[in-house]
Amino acid sequence: MNAPPAETAPASDPAKDRPFDLVILDCDGVLIDSEVISAQMLVAELALLGVEIDMAYVVRHFLGRSYPTVMDTIRRDFGLKLTPEFEEQYRNRLLEAFETRLEPMPGVAAMLEDLAVPCCVATSSSPRRVEFSLRCVGLWDRLGPVTYTASLVAQGKPAPDLFLYAAAKMGVAPERCLVVEDSLPGLRAGLAAGMTVWRFVGGSHLRPDPPEEPEDARPHQRFASFAEFFHIAPKLRRQM
């Protein structure tokens, strides 16, 4: 008697082996190298009002925070009455600086091109600023439709609201999301949302020696270049 034909093993489904179904990216300090520009502009504008702060102060108190939160902190800490005119002037000068100086993070465009799962942006920036910034570096057409700002939720980072909102809009469970952040409020927000969190430390504001994170903001991974992204998670790379 002839032996029955051998059963063919089912083809493996790469999607089933992927550790995440969604990558959520912060904008400032992750997609774009903007934090040093923003800090320099804020230091200069406050100096005109007689307030002297340095870059370390800006990184410690303002990194990853929404603009209204930054302004409220300045009012409280320095007893300033910041006028709407001051805020508008700062915003306009910052965007002017972005137009000539802003760059995307090296390697981020290639990473987005090769990513095998959907991605979106969750940022503390205002809608106006994030659109302007991403247009400056040529990423708005790719990411604009899936960009979510803190203006959409009750509480910004470090609360988890924005990341949970982004995951819900993208139809992905929080535990299947990977967050890429640079700031401590962003790290705390991603962890509070129950997501896997990687810290990107390749921005100009964190080089050359990014400080260690406190216990409540400890990421699952750290990386300093988007060239490393698929070395850490090779199954997230799109199959050619």
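Predicted, not measured: the structure shown is a model, and the values here were computed from it.

What counts, and where the lines are drawn
All chains use their own residue numbering, which begins from 1 and follows the written sequence. Where local features are concerned, this predicted model is filtered to residues with pLDDT of at least 70; where side-chain atom pairs are given and counted, the filter is 80 or more; whole-chain, interface and lining totals use all residues. As a rule here, side-chain values come from all non-hydrogen atoms in the structure, and water together with hydrogens is ignored. Only DSSP runs of H or I reaching four residues or more are called helices, and only runs of E reaching two or more are called strands; each is numbered from the N terminus. Burial classes: relative accessible area under 20% of the type maximum marks a residue as buried, over 50% as exposed, and values in between as partly exposed (1.4 Å probe, protein chains only). We call two residues contacting when some pair of their heavy atoms lies within 4.5 Å. Surface exposure here means Shrake-Rupley accessible area, sampled with a 1.4 Å probe, where a residue is shielded only by the protein chains that are shown. For the purposes of these results, a polar contact is taken to be a pair of N or O atoms within 3.5 Å, where, inside protein, one atom must be able to donate a hydrogen and its partner to accept one; residues adjacent in sequence count only when each atom of the pair is a side-chain atom. The criterion for strand pairing is that DSSP finds at least two bridges linking the strands in question. Each aromatic pair joins two rings of Phe, Tyr and Trp (for Trp, the six-membered one) with centres within 6.5 Å, and gets the label stacked for planes under 30 degrees apart, edge-to-face for over 60, and tilted for any other angle. Working convention: axes come from line fits to C-alpha atoms, limited for helices to the stretch in contact. Angles between N-to-C directions cover 0 to 180 degrees.

Q: Tell me about the overall build of the protein chain, and name the residues and values.
A: Helix and strand content of the protein chain: 11 helices and 6 strands. With the C-alpha coordinates aligned to their principal axes, the bounding extent of the protein chain is approximately 95 × 35 × 35 Å. The buried share of the protein chain, taken over its 240 residues, is 48%. Across the protein chain, the fraction of contacts at a sequence separation of at least 24, relative to all contacts at a separation of at least 6, is 69%. By element, 53% of the accessible surface of the protein chain is carried by carbon and sulfur atoms, the whole surface being about 12,100 Å².

Q: Account for the environment of Pro19, naming residues and giving values.
A: Summarising the element assignment, Pro19 is placed in the loop between helix H1 (14-17) and strand E1 (22-25). Judged by relative accessible area, which is 34%, Pro19 ranks as partly exposed. Not counting the four nearest positions on each side in its chain, Pro19 is found in contact with Arg176, Lys235 and Leu236.

Q: So what's going on with the side chain of Asp182? Residues and values would help.
A: For Asp182, the location among the structural elements is in the loop between strand E4 (177-181) and helix H10 (184-192). Here His205 takes part through its side chain, which lies 2.8 Å from a polar atom of the side chain of Asp182. With near-sequence residues (within four places) excluded, Asp182 lies in contact with Asp26, Asp28, Gly29, Val30, Glu35, Leu63, Arg199, Phe200, His205 and Leu206.

Q: Quick rundown of the pairing of E1? Include the residues and the values.
A: The alternating pattern of E1 places Leu22 and Ile24 on one face and Val23 and Leu25 on the opposite face, and all of these are buried. As defined by bridge partners, E1 adjoins E4 across 4 bridges and the pair is classed as parallel. What sits directly across from Val23, in E4, is Leu178. Of the pairings in the sheet, the one linking E1 to strand E2 (residues 119-123) comprises 3 bridges and is parallel in character. Bridge pairing links Leu25 to Val121 in E2.

Q: A description of the packing of aromatic side chains should follow, citing residues and the corresponding values.
A: Within this structure, the stated rule accounts for 10 aromatic pairs. Relative to Phe226, the ring of Phe223 has its centre 5.4 Å away and its plane inclined at 85°; by these criteria the two rings are edge-to-face.

Q: Summarise the sheet that holds strand E6 (residues 221-223); cite the residues concerned and give the values.
A: Sheet architecture is open: 6 strands sit in the order E3-E2-E1-E4-E5-E6, paired in parallel fashion. Two strands in the sheet have a free side with no partner beyond their single neighbour: strand E3 (147-149) and E6. Recorded for the sheet is a direction-independent mean angle of 25° between the axes of neighbouring strands. Relative to strand E5 (residues 196-200), H10 is tilted by about 165°, and along the sheet it contacts E4 and E5.

Q: For the environment of Arg207, give the residues involved together with the corresponding values.
A: One can find Arg207 in the loop between E5 and E6. Separated by 17 residues in sequence, Arg207 and Ala224 place their C-alpha atoms 9.0 Å apart. Of the polar contacts made by the side chain of Arg207, one reaches the backbone oxygen of Gly202; its length is 2.3 Å. Of the polar contacts made by the side chain of Arg207, one reaches the side chain of Ser204; its length is 3.2 Å.

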